[in-house]
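Notes for the structure review
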Amino acid sequence: MAVKQTAGRDQLGQFAPKFAQLNDDVLFGEVWSREDKLSLRDRSLITVVALLSQGLTDSSFQHHLTTAKVNGITKEEMAEIITHAAFYAGWPKAWAAFRMAKEIWTEE
């Protein structure tokens, strides 16, 4: 089950209240909570690949990698996901993604 998101309001609520509301209530509140349509695990996989393909390996990407792990994606699966995406998104982007993923799955 999706966790109530408050990051938008916490980080941007004063500066961009509408964006914060859309982030928390629509993206994470409505879209991510539609588990009857697509599991959280599948949504995590899609999100990681979408961010990787754009080269967005920042703190947002790190958050989504951690979420993917929480949502059940194993180290072996993440390695395969990034390897597969490398051929479509770009080799340097995959290297950057692997650096971050390696930190998150170090306990395994």
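Residues numbered from 1 in each chain as written. Predicted model: local features only at pLDDT ≥ 70, side-chain atom pairs only at ≥ 80, totals over all residues. Heavy atoms only, no water.

What follows covers the confidence of the model for the protein chain. Put simply, the protein chain has an average pLDDT of 93, and 95% of its residues get 70 or more. Ranking the helices and strands of the protein chain by mean pLDDT puts helix α5 (residues 75-89) first, with 98, and helix α1 (residues 7-12) last, with 87. (pLDDT = per-residue confidence, 0-100. Helix = DSSP H or I, 4+ residues; strand = E, 2+ residues; numbered from the N terminus.)

Let us now look at the side chain of Thr47. Relative to the helices and strands, Thr47 is located in helix α3 (residues 40-54). On the basis of relative accessible area, Thr47 is assigned to the buried category, the value being 18%. Residues within four places of Thr47 in sequence aside, it is in contact with Trp32 and His64. (Buried < 20%, exposed > 50% of the residue type's maximum accessible area, 1.4 Å probe, protein only. Contact = heavy atoms within 4.5 Å.)

So, about the nonpolar core. In this structure, Leu52, Phe61, Leu65, Met78, Ile82 and Trp105 are the most contacted members of the largest nonpolar core, which totals 19 residues. The set of elements that each furnish at least two residues to this core consists of α3, α4 (59-70), α5 and α6 (91-104). With six residues, α5 is the largest single contributor of residues to this core. Discounting chain neighbours no more than four positions away, the residues touching Phe61 are Val48, Leu51, Leu52, Leu56, Ala97 and Met100. (Core = buried A, V, L, I, M, F, W, Y, C linked by side-chain atoms within 4.5 Å.)

This paragraph deals with the environment of Asp58. By the secondary structure assignment, Asp58 is in the loop between α3 and α4. Take Asp58: its relative accessible area is 38%, and that puts it in the partly exposed class. Distance from Asp58 to Ile81, taken between C-alpha atoms, is 18 Å for residues 23 residues apart in sequence.

With 14 residues, α6 extends 20 Å from end C-alpha to end C-alpha; this agrees with the ideal 20 Å at 1.5 Å per step. Restricting attention to buried positions, one finds in α6 the residues Ala94, Ala96, Ala97, Met100, Ala101 and Ile104. Angular distribution of buried residues about the axis of α6 spans 160°; they occupy a single face of the element. Facing away from the buried side of α6 by over 90 degrees, the exposed positions are Pro92, Trp95, Arg99, Lys102 and Glu103. The elements touched by buried residues of α6 are α3, α4 and α5. (Expected span 1.5 Å × (residues − 1). Arc of directions from axis to C-beta.)

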